[in-house]
Each structure stands twice: as C-alpha cells, then as structure tokens.
Amino acid sequence: MLLITCPWCGPRDEIEFHSGGEAGRVRPHVPDELDDTEWANFLFMRRNEKGLRRERWVHALGCRRWFAITRDTVTHDILPDDAPSLIASDMHVDGGAR
Amino acid sequence: MSTHQRLRTASGGQVDRSQTLRFEFDGRGYHGHRGDTLASALLANGVRLVGRSFKYHRPRGILSAGAEEPNALVTLGTGGRAEPNTRATQIELFDGLMARSQNAWPSLGFDIGAINSVLAPFVPAGFYYKTFIGGPKGAWTRLYEPLIRRMAGLGPAPTESDPDTYDKRHAHCDVLVVGAGPAGLAAARAAAAGGARVILIDERARPGGSLLASSAFIEKMAAPAWASTAVDLFCAEPEARLLTRTTAFGRYDHNLVMAVERLTDHDPDSARPRQRLWQIRAKRIILATGAHEQPLLFGNNDRPGVMLASAGQCYARTYGVLAGRRVVVATNTDSAYEAARSLAEAGAEIAAIIDGRADGSSDLASHRRAALHRVLGGKEVSGVEIVEENGGKRRISCDAVLMSGGWQPAVHLHSHVGGRTKYDAELGCFVPANTLAGITSVGGCAGRFALSNCLADGHVAGTAAAADVGYPTSLAPVSADRPDTWHSSVDAFRPDPPAKSFVDFQNDVTTADVDLAQREGFVSVEHLKRYTTTGMATDQGKLSNLNALSRMAGLLGTAPGAVGTTTFRPPYTPVTFGALAALDRGDLTDPIRATPMHEWHVGHGAVFEDVGQWKRAWFYPRPGEAMDDAVRRECRAVRNAVGMFDASTLGKIDIRGPDAAAFLNLVYTNAWSKLAIGRCRYGVMCTDDGMVMDDGVTIRTGPDRYLMTTTTGNAARVMDHLEDLLQTEWPHLKVYLTSVTDHWAACAVAGPRARDLLAGIAEGVDLANESFPHLSMRKGQVAGVAVRIYRISFSGELAYEVHAPAQFGHRVWEALFEAGRRYDVTAYGTEAMHVLRAEKGYIIIGQETDGTVTPIDLGLDWAIAKSKDDFIGKRSLARPALVASDRKQLVGLVPHDGKTLLEEGAQLTADDNTQTPVPMLGHITSAYWSTATEGPIALALLNGGRDRHGQTVIARWAGRSVPCRVCSPIFYDPQGERINA
C-alpha cells in the first residue's frame with residue numbers, strides 16, 4: 001500500500017485516496033472545435049509512461065482535494081514535492097468552457 | 001504414563017524443567033517442559049516419525065528448528081480451532097496441546113499412500129500436466145483429481161467457523177528491526193539509544209535468535225545471557241517496543257511491513273485475542289532475519305533422524321534434547337563443528353565428522369573430501385554409507401545424521417518488493433544485490449554469517465538509521481570476546497547423489513525431477529519451479545532453492561547465478577485468514593448504512609436488500625405472502641390508493657455559489673439557466689465520452705443554491721466527479737459542494753390519494769394542483785417538523801417527497817403513515833419501486849445503463865440542450881459511432897403469450913434462427929410482472945430498437961426462447977395524465 005502525502009493532510013495510506021490517472025490532460029476550451037480524431041485522442045489516449053509520471057489523486061476519504069504527485073511507475077517511488085502540488089497551480093486550466 | 005523423556009539431557013538448555021506439560025500427538029500422551037516447542041518435546045520423547053510427505057508419503061521427521069521446517073507440519077487443535085500445516089518447530093508447547101500428523105491414512109506408521117513411493121516412476125515432475133491427460137471424458141474432474149487430492153496434499157482446511165478473535169493494529173516508527181538475533185539486537189540497541197521510536201520484532205517467544213544456541217561469549221557473558229541483557233537495555237529505552245512471537249511476513253511498498261503477533265497460541269485458555277495483525281509503517285527498516293542452513297544431497301536425505309546441523313545444536317543447547325545418541329555429522333561448513341561439539345557436550349557420541357572440503361578450519365574431521373552417499377534404515381536412520389573422493393566407500397552405524405550444506409540468507413523480506421539477489425560465488429549462496437531506499441540487510445541475511453560481523457554490522461546499521469531520522473547516538477559497539485571468521489563451503493567434494501535425494505522435502509522434489517525438467521527443456525528458473533513445484537507452498541525457497549538451482553546450473557554447465565532465482569512472495573510463513581480479517585468479520589465486514597426510518601421498516605416486517613452499504617426495505621411481506629404477492633400488493637396500492645417509500649438513500653449534494661447554474665449547465669446535458677426558485681428538474685449527467693453516468697432531480701432552493709439528488713449507488717462517484725471538475729477544469733467557477741445525503745430523510749408519498757394524505761397532516765402548504773404543480777417545491781410542517789415537500793414522481797403517479805432533517809425522519813414518516821391509514825396507505829419497498837418505474841419506462845442507472853449507453857439510446861433526447869455551448873459529453877454525442885442508427889436503443893418487450901416472465905440478461909435475436917451463430921441484437925435490462933398490464937413486461941436495449949416497434953424478437957436464456965413483441969418502453973399512462981393530476 002502506497003504512502004501518499006496529501007498537501008493538506010500529510011502522509012496517509014493509499015486507501016484514503018482515489019487515483020485520477022495521468023495529470024496534464026487538459027480538457028479543450030471549446031470541444032466543438034476539435035475534429036473527431038482530435039477529440040478521440042483527448043478522450044482515450046494516454047501516454048502511459050514507464051518510469052516517472054505526473055498523476056492526479058484525490059483525498060476522497062479526507063479533505064476531498066485533488067492534487068498531483070510524481071510517481072515512478074516501476075518502483076512506486078513518489079518524488080518529494082517542494083511546494084504543495086495543488087492541482088490548480090500544478091496544471092491550472094483556465095476554463096475549459098465558459 | 002511415564003513422564004520420562006528418553007532423549008532429554010540430564011541438565012542444560014533453557015527449558016523450565018520445574019514445569020512439566022502434558023500434550024498429545026496422534027492421540028498418544030507425552031510430557032515436555034515449559035519453553036519447549038512441539039518439535040523439541042517430540043524429539044525429547046524419541047518421536048522421530050512426525051509426518052508423511054506430500055506426494056510419495058515417505059516417512060518424515062523433524063529437519064529443522066525454525067520457520068523453514070518442511071516436514072513436521074501438523075494440524076493443531078480440533079474443530080473450528082483446527083489449524084492445518086503448522087510447523088511443529090514453531091509451536092510453543094502448552095499444557096493440553098493436541099496435534100495430529102497429516103497426510104497419512106490410516107495411520108502414520110502404516111500409510112497406504114506410501115505405495116506412491118513404489119509408483120514413483122509414474123509420478124515424476126510435471127505429472128499433473130501429462131500423466132492424466134486423456135482417458136474417458138470427464139475422467140479428470142470425476143476420477144483423477146479427487147483421487148490425487150486425497151492422496152497428495154497437506155492437511156485439510158477446517159470446516160467450522162473460527163471461534164477465536166483476532167486484533168489489528170497500525171503502528172508507525174522511526175526504525176523497524178526485523179529479527180532479534182545478534183545483528184538485530186545490536187541494531188535495535190544502537191537505533192533506540194538516541195530516543196528514536198524503534199520496533200524490534202522476533203518470531204520466537206524468547207528473543208536472541210542464534211545466540212540462544214551459541215557457545216560464544218560477548219562482553220564476558222555467555223551468548224544467551226548477553227541476549228537477555230541486550231533485550232533489557234533495549235526495552236528500557238522510552239520509545240522502544242519489542243514484539244516477540246511475531247513474524248514479519250511481508251514487506252510492501254513504501255516501507256510497510258505486515259506482521260502477525262501470536263498472542264495466545266501458547267495459552268489457548270486466555271480470553272485475549274488469539275493473534276494480532278500489525279501494519280507497521282517505518283521510516284527505516286533493518287532486516288536481520290538471519291540465514292537458513294541448507295540440506296546436503298544424498299540418498300534418503302529425508303529419513304527421520306536426518307537433521308540440519310544447526311537444528312541439532314539448537315535442540316541440544318536451547319532445549320536440552322539430543323537429536324540422537326550416536327551421531328554422524330556431514331558438512332561443507334565450519335558451523336557444523338560447533339553443532340558436533342554441542343552434541344558431544346550434551347552426551348551424544350559423535351561417530352564421524354565427514355567434511356566435503358579439504359581445508360575445513362577444524363582438525364576434528366574424521367573424513368575429508370568425503371560425503372554421504374546414502375542413509376540406511378527404513379522409518380528412521382540406522383546408519384550411513386559414505387563415499388570418499390578417491391572412491392572408497394564405507395558404512396557407519398548411527399541413529400542420527402546432522403548435515404550442513406551451507407547457508408542461504410533469508411532474503412525474503414528484502415525480495416518482496418523490488419529487492420533482487422545475486423549469487424555470491426565465494427559464499428555459495430544468494431545475497432541481496434541492490435540497495436533499497438531506507439532498508440538495510442545486516443548479518444546472516446546479508447551473507448555476513450560470522451558473529452563478529454553480525455554484531456558490528458548491526459551496530460553500524462542501527463546507528464546510521466537513527467541518525468538518518470534525526471536521532472544520533474554515540475553508543476559504543478559490542479563485539480564477541482573471541483572474534484570468529486567464516487569459511488566458504490563452495491570447494492567441496494559433491495558426488496552425484498542417487499535418485500532419491502530430495503531438493504525440496506515439502507513438495508517431494510528430487511534431483512531426478514530437476515534432471516527431468518532439464519531434459520524436457522524446463523531450464524528457466526520460473527519453469528523449473530512450476531514444473532517440479534520446487535520452492536512452492538510454505539517453503540518459499542527457504543530450503544529448496546539453493547540445491548535446486550545449483551543442480552540445474554550444474555546440468556547446464558553454468559554458475560547458479562546465471563540460472564537466477566524465483567520470485568519470493570509474501571507471506572514468509574503462512575498467515576491464518578482470521579488474522580488478516582481481524583475484527584472485520586460478520587456485521588463489521590463493511591459499514592452498514594441505515595436510514596432514519598430503518599427501525600420502522602424492521603418493525604413492519606420488511607425484507608431488506610443491500611444496495612452498496614445501504615440496507616434498503618425491499619418488500620414488506622404480510623403473513624403467508626410470498627415475495628411476488630407482496631410486491632404486487634404494494635404496486636396495486638400505489639396505483640389505486642397511496643403508498644409510502646423510504647427514499648432517504650438517494651445521494652444529495654448541496655450546491656452553492658453565484659456560478660451554480662453555470663456549473664449545472666456544464667455537468668448536466670439539459671439546460672438549467674431558467675429554472676425558477678422552488679422548481680425541480682430531472683437531469684441527465686454524462687461522462688465526457690457521452691455515456692450516461694447518473695441521473696436525478698435537482699431543485700433550485702434559493703437564488704444561488706441548488707439541491708442535487710443522485711442515484712443511491714453513485715452518490716460518492718458523482719461527488720468525486722463534480723469536485724474534480726470544479727477543482728481542476730473550472731477553478732474560476734465560484735461554486736462549492738456539500739454532501740448532505742445523510743442530513744435529510746426522504747419519505748415518498750405516491751398514488752392518487754397522495755394529496756389527500758398530505759392534506760390531512762402537512763401544515764402551511766397549499767397543495768392545490770395549480771398552486772403546487774408537478775416538479776415544484778414547497779416548505780411546510782409535518783408533526784411539528786419543518787419539512788421540504790417536492791412534487792416529484794418515480795412511479796408515474798401523483799407523488800410527493802417529504803424531506804425532513806434526518807433526526808426527525810422517523811417521526812415524520814410515522815406521522816405521515818398514521819395520516820395515511822384512512823386511505824389504506826401501504827409501505828412499499830425497492831422491488832415495487834422498480835416495477836412501477838419500469839411500467840413508466842423510467843431508467844435505473846446501472847440497470848438500463850452500463851457505461852456504453854448514451855442519453856439518445858435511452859430516448860432522452862428531450863433532456864439534451866444542444867443549444868448549450870458545452871456540457872460534459874456534448875462533443876462525444878456528435879461522434880459518428882454515437883449517432884449511428886443501429887445503436888442499441890431502449891425499448892419495451894412483451895412476450896407473445898402474455899404469460900412468460902422474462903429474464904434480465906436474456907439475449908435478443910431475430911425471429912428467424914436458421915443461421916448459426918445467431919447474431920445477438922440486444923439484451924433485456926429489466927423484467928417484471930406488471931400489475932398495471934396484468935402481465936410480464938421488460939425493458940431492453942435493442943439494435944435500432946426505436947424502428948422495430950411492433951416487430952418480434954426472441955428472448956433467449958438458459959436454453960429457452962420466448963418470442964416477444966417490441967413496443968414503447970412506456971407501458972402505463974403514456975400521456976402522463978396521472979402525474980399531473
């Protein structure tokens with residue numbers, strides 16, 4: 001069981017969190033402008049890297065905040081973050097839709 | 001019965017000779033002492049034969065003195081407390097202990113299964129896979145498998161439920177030290193001296209490990225006494241915790257170690273829990289798990305009386321028990337000489353010491369460059385035949401053989417997560433190959449076998465670990481009074497052993513099996529393991545890996561390192577399910593959620609169904625009523641008079657903020673901008689792939705405030721989904737969410753008399769149709785409780801939901817029900833609710849939907865606001881695959897015969913079934929008996945279903961084919977007149 005550090009609550013067992021998959025997927029501002037292939041790429045395609053990857057978690061059974069961490073998908077090592085990696089500052093998307 | 005123990009020494013050992021304990025083995029009574037293990041007590045009584053082997057039913061005795069024991073597996077206790085496959089070497093003796101041997105029928109001494117041994121040529125490695133292929137149809141499942149399962153295999157699992165209680169604890173520490181032998185004690189003392197929180201774990205009742213059987217002196221104390229002193233000093237540190245009788249059985253990610261503490265296995269009359277599961281998260285881990293002495297390969301090396309040399313030493317020095325009176329020692333290591341000395345001091349005669357090496361450091365060897373060829377004797381050892389490198393052979397009579405084929409570090413915990421091993425050619429064993437963050441292996445488990453190394457390495461590791469986490473110390477190191485060294489065992493005379501030389505005692509794998517695997521091409525280490533089963537089960541490579549891999553390497557002409565090792569997996573030793581479940585049994589398995597009106601439902605005879613963690617009233621049978629009767633009665637009551645339904649489990653999310661409407665516009669497919677305060681609207685929620693995720697009614701309760709309801713099962717998922725969008729996609733939206741599912745009790749009142757019922761009890765609310773129309777909300781009072789009343793319906797009838805604060809839910813429900821008695825109000829459960837909504841063609845998320853169904857497929861086009869710029873799922877609904885005309889669409893089905901109840905999950909095919917395979921056109925999602933139509937109805941997803949109304953399809957399930965007419969999914973009141981009445 002991983003030990004994940006919630007930027008608000010500190011280190012907690014993995015069971016308190018839900019995984020949100022890869023970070024950095026930005027929902028397009030105006031989806032209607034994408035053709036079918038581009039939209040399908042956004043919906044279905046993932047980088048699925050081996051090694052270090054940025055990924056999203058939510059402290060579902062805690063503060064309910066989303067955040068991002070960097071984890072090695074081979075060793076499960078989680079890299080220490082200098083600052084709390086809140087999702088908004090980490091992968092801020094200034095509005096997919098208005 | 002005599003209390004005489006014929007192989008107990010006159011004095012010595014650490015057992016408490018003043019306490020004599022009675023125990024039974026295979027129904028016979030024996031005596032032992034406090035401090036004995038079952039194994040040492042059996043040996044003391046001269047009991048050699050303790051089990052039969054797995055496959056060949058060969059007689060087996062006690063081989064080891066610890067966790068690696070492959071032979072002496074017994075079933076402990078009886079009935080629900082019976083625990084099969086426990087190692088006699090690890091069972092602490094207690095008064096009244098009862099143990100049975102396993103795998104023998106009718107008795108241990110005369111075992112019919114031993115015929116397998118004669119048939120051995122027919123049950124070689126891989127026999128599972130080839131011998132029984134063929135024969136008549138079904139022969140495997142009906143004949144061979146039951147036979148093999150009876151003849152082979154370990155002890156039977158208990159059939160009764162476990163009456164014991166188990167505990168579970170979480171712990172966090174700075175430094176975790178696993179193993180309290182010389183390395184572990186040195187490490188734990190050093191780590192704790194500066195005030196760090198240290199947990200020291202040891203699997204035995206008395207910490208000390210190999211020190212307890214050692215003749216060395218440390219700080220002028222005999223090793224066992226020094227161990228006691230070190231433990232006392234450790235325990236005196238304020239943050240130190242010692243867990244004895246505790247096995248760390250698995251290491252997992254991020255320094256999580258699972259351990260099981262045997263609290264009362266040695267004291268079964270205690271009222272305390274039997275075992276406790278520890279989940280320990282440590283900043284630093286020091287592994288000091290020691291090493292396992294390895295068997296030698298020679299003929300009949302599994303005969304009772306053949307024992308590991310270190311085990312013989314342990315029984316002599318720790319328990320005051322002789323492995324035999326006339327002992328032959330065969331070794332490739334120096335460590336066996338201390339075993340020989342220990343037995344000689346305890347009174348045994350050492351008949352010979354046969355050293356395979358030329359350069360062993362002791363001059364006590366009677367034969368050098370010599371080895372055992374085979375052991376003589378049937379059920380136990382009567383002598384040995386030795387072979388010298390120059391070809392000389394001779395026989396020596398003896399009643400016990402101590403063997404030492406080298407030592408293999410117990411690298412299990414190192415290897416469980418990410419730890420690799422490499423073959424050390426000098427030591428002749430596998431040692432840890434990589435360093436793991438925060439984890440150090442010291443002493444025997446690192447291949448540093450000498451006592452001096454154990455003490456020194458442990459001290460260094462303990463000091464470093466504590467300093468790492470902020471607790472520097474300056475404790476002086478300890479050392480043995482006489483420094484020792486360790487000689488390798490690699491360059492030894494190893495004659496080719498006869499066929500019946502066992503590499504894996506527990507799984508009955510011989511050198512011949514390894515040879516066969518090699519001849520048949522199973523040379524990869526993982527293939528070798530699976531083909532021969534070597535290293536499987538509780539052995540996990542403890543005694544079998546080194547010999548099996550060395551043998552294979554020899555056959556391939558490579559070094560054992562080139563063959564590699566198999567993967568070590570938790571648990572290190574078996575863990576009972578009771579400990580893993582601990583307190584999470586029965587009602588505590590999962591949290592139970594009950595509504596505020598739960599006790600009322602119980603009192604009115606409700607049968608409950610589990611919906612996630614919720615207990616929901618399913619139906620309320622009256623005396624003599626079957627389920628169908630009750631459900632039909634409840635349905636009729638709602639259609640003809642009035643019913644009440646507990647809707648409290650619906651998910652409820654309070655949505656507030658100036659952008660709340662904009663947010664709803666984005667998460668629902670339909671439009672929300674114009675919803676007036678006090679009005680309700682049905683909403684459909686999709687994921688961005690355009691598939692329906694959830695639905696429900698949302699009510700505008702104020703200028704910037706909405707109450708969203710979700711389906712019962714999806715409440716948490718919807719909450720996560722909305723939070724995700726708000727926090728990560730649209731952080732500019734000023735909206736916040738609060739889960740209020742448990743804050744409101746919801747009483748649905750449905751049926752033509754619903755208004756009459758409310759009129760008699762609700763105060764401060766005008767119920768007239770024109771002032772309180774369908775899909776609106778009013779506030780009022782019921783039984784003195786301020787309530788919200790929503791006019792919404794999931795039955796197609798005139799209906800209201802009365803929401804009261806949870807603490808008043810029961811009171812409001814009862815008041816409503818009492819007020820309804822004059823209208824013959826009927827409580828209805830989830831089953832009737834399902835039937836009523838199906839009659840109206842209303843979907844249930846998870847029943848009509850499965851993540852592949854769009855709102856359009858469900859005929860919910862009217863709930864899609866295409867004019868909106870965006871909503872979650874909008875773009876996908878324009879993808880070609882999602883607008884294709886042959887998508888599965890929601891339809892109704894009625895069987896042609898008007899009688900046959902259809903089946904959920906039944907496949908639908910066209911009505912000409914001439915061609916096979918028959919194409920599947922869809923499936924039934926809901927099927928009920930409808931009281932509205934007085935016949936069976938079903939909802940189904942059917943390819944291009946909306947254009948098939950009036951056609952016939954065949955519903956097929958379990959060999960049945962029922963022709964059905966495709967129709968509209970709305971079976972009742974298609975104009976919706978009743979709902980607006």
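Since we're looking at a predicted model, the values are computed, not measured.

S.K.: Even after reading the chapter, I still don't get the overall build of chain B, so can you show me in this structure?
M.R.: Scanning chain B from N- to C-terminus turns up 23 helices and 50 strands. Along the three orthogonal principal directions, the C-alpha set of chain B runs to about 110 × 70 × 60 Å. Looking at the 981 residues of chain B, the share that counts as buried comes to 52%. Taking contacts inside chain B between residues at least 6 apart in sequence as the whole, the part at least 24 apart equals 66%.

S.K.: How do you make sense of the overall build of chain A when you look at a structure like this?
M.R.: Across its full length, chain A holds two helices and five strands. If you list the helices and strands of chain A from N to C, you get β-β-β-α-β-β-α. Out of the 98 residues in chain A, the part that is buried amounts to 16%. Long-range contacts, defined as pairs at least 24 residues apart, comprise 54% of the intrachain contacts of chain A with a sequence gap of at least 6.

S.K.: Looking at this model, I keep getting lost on the pairing of strand β6 (residues 83–87) of chain B. Mind explaining?
M.R.: Each regular strand shows side chains that alternate between the opposite faces of the sheet. Pairing of strand β5 (residues 73–76) of chain B with β6(B) involves three bridges; the strand directions are antiparallel. From the neighbouring strand, B:L76 faces β6(B), where its bridge partner is B:E83.

S.K.: Would you take a moment to explain the domain arrangement of chain B for this structure?
M.R.: It is common to report an interface's size as the accessible area lost on association of the parts. According to the domain assignment, chain B contains domain 1 (16–132), domain 2 (166–291 + 410–468), domain 3 (295–405), domain 4 (493–571), domain 5 (590–624 + 643–749 + 790–875) and domain 6 (883–981). Look at where the C-alpha atoms of domain 2 of chain B and domain 3 of chain B centre, and you get two points 31 Å apart.

S.K.: What should I look at first to understand the interface of chain B and chain A in this one?
M.R.: Contacts between chain B and chain A engage 26 residues on the former and 28 residues on the latter. When residues in the side of chain B that touches chain A are grouped by element, the largest group, six residues, is from helix α19 (residues 715–729) of chain B. Its residues placed into classes, the side of chain B that touches chain A shows seven nonpolar, six polar and 13 charged.

S.K.: What is the right way to read helix α8 (residues 335–346) of chain B from this model?
M.R.: For an α-helix, 3.6 residues make a turn, and residues three or four places apart therefore share a direction. All names here are of chain B. For α8, with twelve residues, the first-to-last C-alpha span of 17 Å sits near the 16 Å given by 1.5 Å per residue. Among the residues making up α8, those that are buried are S335, A336, Y337, A339, A340, S342, L343 and A346. Elements in contact with the buried residues of α8: α7 (309–319), β18 (326–331), β19 (349–355) and β24 (400–404). Once α8 ends, the next one or two residues include G347, with phi positive near 115°.

S.K.: Looking at this model, I keep getting lost on the packing of helix α5 (residues 182–192) of chain B against helix α6 (residues 223–235) of chain B. Mind explaining?
M.R.: When two helices pack together, their arrangement is given by the angle between their axes and by how far apart the axes lie. Residue and element names in this part refer to chain B. Look at α5 against α6: their axes get within 9 Å of each other, and the N-to-C directions meet at 25°. The orientation of α5 with respect to α6, classified from their angle, is roughly parallel. When you trace α5 past α6, the crossing you get is left-handed. Along its contact with α5, which presents L185, A188, R189 and A192, the element α6 presents A227, A230, V231, L233 and F234. Each residue belonging to the contact of α5 with α6 can be placed in one class, and the counts come to eight nonpolar, no polar and one charged.

S.K.: What is the right way to look at the packing of α7(B) against α8(B) in this model?
M.R.: Residue and element names in this part refer to chain B. Packing of α7 against α8 leaves a shortest axis separation of 8 Å and a crossing angle of 35°. In the packing of α7 onto α8, the handedness of the crossing is left-handed. Counted together, A309, S310, G312, Q313, A316 and R317 of α7 and S335, A336, E338, A339, S342, L343 and A346 of α8 form the full contact between these two elements.

S.K.: Whenever I open this one, the confidence of the model for chain B confuses me. Can you help?
M.R.: Reading predicted coordinates in detail is not appropriate for stretches of low pLDDT. Per-residue confidence for chain B gives a mean pLDDT of 92; residues scoring 70 or more make up 94%. Across the interface, the model reports ipTM at 0.90; the global pTM reads 0.88.

S.K.: Would you mind showing me how to read the sheet that holds β19(B) here?
M.R.: Paired through their backbone hydrogen bonds, the strands of a sheet run either parallel or antiparallel. Residue and element names in this part refer to chain B. Sheet architecture is open: five strands sit in the order β17-β24-β18-β19-β20, paired in parallel fashion. Two strands in the sheet have a free side with no partner beyond their single neighbour: β17 (306–308) and β20 (367–368). Contacting β17, β18 and β24, α7 crosses the sheet at an angle of about 85° to β17. Together, β18, β19 and β24 form the strand contacts of α8, whose direction differs from that of β18 by roughly 170°.

S.K.: I keep staring at the confidence of the model for chain A and nothing clicks. Help me out?
M.R.: Per-residue confidence for chain A gives a mean pLDDT of 83; residues scoring 70 or more make up 83%. Confidence drops under a pLDDT of 50 for residues 91–98 of chain A, and excluding neighbours within four residues, the segment shows 20 contacts in the predicted structure.

S.K.: I tried to follow the sheet that holds strand β4 (residues 52–58) of chain A on my own but got confused; where do I start?
M.R.: Residues and elements named next belong to chain A. On the basis of which strands lie adjacent, the open sheet formed by three strands has the order β3-β4-β5 and antiparallel pairing. Every interior strand has two partners, whereas the edge strands, β3 (18–22) and β5 (66–72), have only one. Direction aside, the axes of adjacent strands within the sheet are offset by 35° on average. Taken together, the three bridges between β3 and β4 define a ladder with antiparallel strand orientation. Pairing of H18 across the sheet is with V58, part of β4.

S.K.: Just checking my understanding: could you explain unusual backbone geometry for this structure?
M.R.: Note: most residues except glycine have negative phi, and most peptide bonds are trans. Residues and elements named next belong to chain B. Of the consecutive residues P570 and P571, the connecting peptide bond is found in the cis state with omega at 0°. You can see P571 is positioned in the loop between α14 (560–563) and α15 (577–581). A positive phi angle, near 55°, is found at A783, a position not held by glycine. By the element assignment, A783 lies in the loop between β41 (777–782) and β42 (785–790).

S.K.: Explain the environment of B:G356 to me, please; I cannot follow it from the model alone.
M.R.: Residue and element names in this part refer to chain B. Along the chain, G356 turns up in the loop between β19 and β20. Taking the number of C-beta atoms within 10 Å as the measure of exposure, G356 has 26 and is therefore buried. Considering only alpha carbons, one finds G356 and H367, eleven residues apart in sequence, at a separation of 8.1 Å. If sequence neighbours within four positions are ignored, G356 has contacts with N332, R369, A370, A371, A492, F493 and R494.

S.K.: What's the story with the environment of B:T318 in this structure? I'm lost.
M.R.: With respect to the helices and strands, the residue B:T318 is situated in helix α7. Apart from the residues lying within four places of it in its own chain, the contact partners of B:T318 are B:G13, B:Q14, B:L212 and B:A213.

S.K.: Where do I start with the environment of B:L108 in this structure?
M.R.: Residues and elements named next belong to chain B. In this structure, L108 sits in the loop between β7 (97–101) and α2 (115–118). Residue classification places L108 among the buried residues on the basis of 21 C-beta atoms within 10 Å. Discounting chain neighbours no more than four positions away, the residues touching L108 are D26, L49, R52 and S101.

What counts, and at which threshold
Residues numbered from 1 in each chain as written. Chains lettered and ligands numbered in written order. Predicted model: local features only at pLDDT ≥ 70, side-chain atom pairs only at ≥ 80, totals over all residues. Helix = DSSP H or I, 4+ residues; strand = E, 2+ residues; numbered from the N terminus. Buried ≥ 20, exposed ≤ 12 C-beta atoms within 10 Å, placed from the backbone. Contact = placed C-beta atoms within 7 Å. Pairing = 2+ DSSP bridges. Domains from an automatic or database assignment. Nonpolar A, V, L, I, M, F, W, Y, C, P; charged D, E, K, R; others polar. Expected span 1.5 Å × (residues − 1). Axes fitted to C-alpha atoms, helices over the stretch in contact; angles between N-to-C directions. Parallel < 35°, antiparallel > 145°, perpendicular 65-115°, else oblique. Left-handed = near helix turned anticlockwise from the far one by under 90°. pLDDT = per-residue confidence, 0-100.

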